[in-house]
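What follows is the residue order along each chain.
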Amino acid sequence: MASLTHDLASQLQGAPVQQVAQQLGIDPAQASSAVGAALPLLMGALGRNASQPEGAQALFGALQKDHAGGDLGSVLGAVLGGGQSRQTDGAGILGHIFGGNQERAQAGVAQATGLQSGQAGQLLKILAPIVMAYLAKRMFQQREGTQAGAANADPDVLSGILGQEQQEIRQQGGPGGGLLGAVLDQDGDGQLGIGDLMKIGGGLLGGRR
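Everything in this summary refers to the structure shown in the same document. The shown structure was predicted, so the numbers you read here are calculated from the model rather than taken from an experiment.

The rules behind each value
- Residues numbered from 1 in each chain as written.
- Predicted model: local features only at pLDDT ≥ 70, side-chain atom pairs only at ≥ 80, totals over all residues.
- Heavy atoms only, no water.
- Phe/Tyr/Trp six-rings, centres within 6.5 Å; stacked < 30°, edge-to-face > 60°.
- Helix = DSSP H or I, 4+ residues; strand = E, 2+ residues; numbered from the N terminus.
- Buried < 20%, exposed > 50% of the residue type's maximum accessible area, 1.4 Å probe, protein only.
- Expected span 1.5 Å × (residues − 1).
- Arc of directions from axis to C-beta.

1. With respect to the packing of aromatic side chains
Next, step 1: Counted by the stated rule, this structure contains one aromatic pair.
Next, step 2: Between phenylalanine 60 and phenylalanine 140, the aromatic rings sit 5.5 Å apart at their centres with planes inclined by 65°, giving edge-to-face as the arrangement. Placement of phenylalanine 60 in helix H4 (residues 53-67) and of phenylalanine 140 in helix H8 (residues 117-140) is noted, with a sequence separation of 80 residues between them.
Next, step 3: Exposure remark for phenylalanine 60: the relative accessible area of 7% places this residue in the buried category.

What follows is the structure, encoded as structure tokens:
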């Protein structure tokens, strides 16, 4: 089964990526690769948060309350159109996902994608509500062949799905996996250690904790 990150990335190809590119003032190819680096970071960070019972509980509650029933296209339209709601509040969602690591996440995405810091921050704010809407859809809509459906959705199921996703992202390495390691595994001293990210690739994930 395709990973959640790959599945979501493929749903964003085409028109959605072009809309994001327009919003950021970059070309679609750059937007596509930036989305490819930022999505695993968001998904992996959610996986880390959901690995704690209270984190899984909080995330599950947020998905249920604020993000269920959102269609990806309409969520993207609302975010790009400046719609103000809990569902589209990218900055607020990022605060929950990254906590004190938000600036580091933004700097890491900028470094890994060649975007300016402001553009990287904007990209994360656009993607965060989409990731939440996507997860809510996976959790609460019964779909053929998926484990998680409305009938058996609970925080433990969510934690399991996201934990597996985080593991896959780390194993695959690449910009997304490297970013995840660089942003989340630091000891909080503010030293990014992310400059060599593209050279190291998956190397960030091996051994250096």
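2. Details of H4
Next, step 1: Compared with the 21 Å implied by 1.5 Å per residue over 15 residues, the 20 Å span of H4 between its first and last C-alpha is a close match.
Next, step 2: What H4 keeps buried is the set Gly55, Ala56, Leu59, Phe60, Leu63, Asp66 and His67. Taken around the axis of H4, the buried residues stretch over an arc of 170°, which confines them to a single face. In H4, the exposed residues that point more than 90 degrees away from the buried face are Pro53, Glu54, Ala58 and Lys65.
Next, step 3: Among the residues trailing H4, glycine 69 stands out with phi positive, at a value near 85°.

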